[in-house]
Every structure is written in structure tokens, then in C-alpha cells.
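Each chain, written out:
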Amino acid sequence: MSKLCELADGVHLLPGSTNLGVVDLAGGRALAIDSGLDESAARKLLRALQESGRRLTVILSTHSHADHIGGNAFLVQRTGCRVAAPAVEASLLRAPAWEPLYLFGGAYPPAPARSKFLMAAAGPVDLVLEPGPVEFEGRSLELVPLPGHSPGQLGVLVGNVLFAADAYFDPPVLEKHGLPYFAAVQESLATLDRLESLTAGLVIPSHGRPVDDPRPSLDANRRALRQGLNHALELLAGAGEGIPTETVVASLLHRLGIRCRDLGHYLLCRAAVLAYLTHLVDTGVAAVGVGDDNVPRWEVCGR
Ligand SMILES: [Zn+2]
């Protein structure tokens, strides 16, 4: 049986592979923070709400990744709830094929890259969110900008409880995955700094354990990002000439001991490595060009 854990007055957690938040609104109504991977996760949330006498009226989606929005369509259909999502992410909730499509370089990908882990069921967005204060049926929340993992990701601060989405990963989760998915390195580092400066009493990452003090976790995420950047730089610096993209990806995954399960997993890892390469080029450390053989190659500058 799925039970809600009370974190603070009227603020609850439904722990799971994707942690879900529940915020009480007036009159037994409730706002959910994310809906989980799929219908099964959504059913657990719905059961926990019903068993505790709550009625779901709003889902607040922190960002558009499938493991956060996969239950939206089912919950909307079952409860008629509204969906609120960050402006930059909203179009992906409405047309979730964008996620596998952008990971596959802009082409519609083959079936193995369209699993539920990368492509949720399409659902509506009724309210487009911006960072800052927002009110839902008499309850005030603060939406905290947490870009980097996803461009428009928002955290939710309720009183002194912060739902931090995927702005950082709990260290055991980091260790398990080997390569955290951060789409933009600079923004992700700035977001980790912003989280450090927030004075929340309790911080809940979407994957892992709530903590009173997120600083050790934030440090672990900084280290993982810097380690990835260092690996990428060492690979480029150690080569006698420019390295093709796929070789950088394969070599870096080899260094980290990662064996991709399938095409979808590979595309996620590849995107994380490309973010390192982007950072190295945009900070003037590396350059990229396309050879006469039509192969893009990456090398350190000033060779
Ligand atoms: Zn995510």
C-alpha cells in the first residue's frame, strides 16, 4: 500500500523511483508535484490520495521528462485535474515525441528509443508557469528556476520544504547511473549554487532521499560534472588529432564503466557527453569542425 509521508503541515511525499509531492489545498483538494513514470505510478498516487480523503485538482509538472509526466494523462482522464507546467517545458508535455526526437538528433527515432522511459503519453497543459510566487486555490508556493538538467525546470518551495526535481541527484543515484544527465553544464553548476543559497529546511530530490542539508549532495553533483568535463578534456588532449563525436562518447562511457542497456540509454548518455563538449567549446578550451570526410571532430584549442 502506498502511503503519503508528512514532511510539514499539509506537505507530503509519496516516495518512489520518482518521488512525488502532495500539497494540501483548501477543502480536501490536493496539488501533486509530478505524476511519475506511467499509469502504474499514477494509480499509486491516486490510491494514496483517495485513501487519505484527498481529491486531486492540480498536477504541477517540474519538467517534461517522461519519468515525471508519464502519469499526467491517466490522472487528467480519471480526475479532471488541471496541469500546470513551466513555459519552456509545456510544449513537450503536449507533444512528448519531442523528447526522443531531440535525443535522436531531430529525426523521429526507431521504436527502441520511444519507450515509456523517453516518451510519455500526451497530456494537456492548462496553466503555463514562470519562476516566482504562484497561488493555487489559496495556497502560496514559490517556483524556483532550476535550469540545466532541463531548460525550463522549476523547483517548488512550499513553506520551508523544497521539491528540487532533477536539479541534483542523491549520491547513491549518481553512483548507480555513473553519468548524470545534465543538458547544459554551466546552467547546472549555477543551479547547484542557487540551491546552496536557498534556506529550505528540507530538500527533496526527485530521485533519492530527502535531506535537511543538501550541501554534501550538491558537492557530489559538482564533482560528477567536473569529473565528466575532465574526462572529456583528457580524451581530446591525449589524442594526436581531432576525435569523432561517437568515439568521444564511447571512450568516455568506457572510462566511467558504463555499458548502455539499449538505444534509449545510449542516447541519454550521449546527450550528457555532448553537454561536456559544448561546454569545452563555449569556454574556448576545445574546437569542433567537420572534415572533408563529413565527420565532426573535436580537439583542444591551440594545438
Ligand atoms: Zn529529468
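Check the entry above for the structure.
Attention in this report is confined to the structure presented alongside it.

Definitions and cut-offs
Residues numbered from 1 in each chain as written. Predicted model: local features only at pLDDT ≥ 70, side-chain atom pairs only at ≥ 80, totals over all residues. Heavy atoms only, no water. Salt bridge = Lys/Arg side-chain N within 4 Å of Asp/Glu carboxyl O. Helix = DSSP H or I, 4+ residues; strand = E, 2+ residues; numbered from the N terminus. Buried < 20%, exposed > 50% of the residue type's maximum accessible area, 1.4 Å probe, protein only. 1 Å grid on protein atoms, 1.4 Å probe; cavity = no way out; pocket = protein on both sides within 12 Å on 5 of 7 lines; lining within 4 Å. Points joined across faces, edges and corners; volume = space filled by probe spheres on them. Nonpolar A, V, L, I, M, F, W, Y, C, P; charged D, E, K, R; others polar. Core = buried A, V, L, I, M, F, W, Y, C linked by side-chain atoms within 4.5 Å. Domains from an automatic or database assignment. Contact = heavy atoms within 4.5 Å. Donors = N, O, S within 2.8 Å, 3.2 Å for Na, K, Ca; no water. Tetrahedral: all angles 85-135°; square planar, octahedral: opposite > 155°, others 65-115°. Polar contact = N/O pair within 3.5 Å; in protein donor to acceptor, adjacent residues only side chain to side chain.

### Considerations on the pattern of salt bridges
Tallied over the full model, the rule gives 13 salt bridges. For Arg 222, the salt bridge identified is with Asp 193, shortest N-O distance 3.0 Å. Separated by 29 residues along the polypeptide, Arg 222 in helix α8 (residues 215-238) and Asp 193 in helix α7 (residues 185-197) bring together distant segments of the chain. Overall, Arg 222 belongs to the buried group, its relative accessible area being 11%. When its relative accessible area of 43% is taken as the criterion, Asp 193 is described as partly exposed. Across the pair Arg 270 and Glu 246 runs a salt bridge, and its minimum N-O distance is 2.9 Å. Placement of the pair is Arg 270 in helix α10 (residues 263-282) and Glu 246 in helix α9 (residues 245-255), with a sequence separation of 24 residues. On the basis of relative accessible area, Glu 246 is assigned to the partly exposed category, the value being 37%. One network of salt bridges, with partners in common, ties together Asp 193, Glu 196, Asp 219 and Arg 222.

### A few points about the layout of surface pockets
In this structure, the largest pocket occupies an estimated 1000 Å³ of space. Together, 34 residues line the largest pocket, and Asp 67, Phe 117, His 177, Arg 261 and Leu 268 are the ones closest to its centre. Looking at the lining of the largest pocket, the elements with two or more residues in it are α2 (66-69), α6 (171-177) and α10. Considering each element in turn, the lining of the largest pocket owes the most residues, 5 residues, to α10. Of the residues in the lining of the largest pocket, the class split is 16 nonpolar, 11 polar and 7 charged.

### Let's talk about the nonpolar core
With 51 residues, the main nonpolar core has Leu 162, Tyr 168, Leu 179, Leu 195, Leu 236, Leu 253 and Tyr 276 as its most contacted residues. Secondary structure elements with two or more residues in this core: α6, α7, α8, α9, α10 and β15 (296-300). Built from parts of two domains, this core gets at least three residues from each of domain 1 (5-167) and domain 2 (228-300). Aside from chain neighbours lying at most four places away, what touches Leu 162 is Val 144, Gly 155, Val 156, Leu 157, Leu 195, Leu 198, Ala 200, Leu 202, Val 203 and Ile 204. Among the nonpolar cores identified, the runner-up in size contains 25 residues, and Leu 46, Ile 59, Phe 74 and Ala 85 belong to it.

### Some details on the coordination of the zinc ion
All of the protein donors around the zinc ion are His 63 (NE2), His 65 (ND1), His 149 (NE2) and Asp 166 (OD); their distances to the metal are 2.1 to 2.3 Å. Around the zinc ion sit 4 donor atoms, and with donor-metal-donor angles ranging over 84 to 171° the site reads as irregular.

### Re the side chain of His 207
Assignment of secondary structure puts His 207 in the loop between β12 (202-204) and α8. A distance of 2.7 Å separates the side chain of His 207 from the backbone oxygen of Ser 17, its partner in a polar contact. Not counting chain neighbours up to four residues away, the residues in contact with His 207 comprise Ser 17, Thr 18, Asn 19, Asp 67, His 68, Asp 166, Phe 169, Asp 170 and Val 173.

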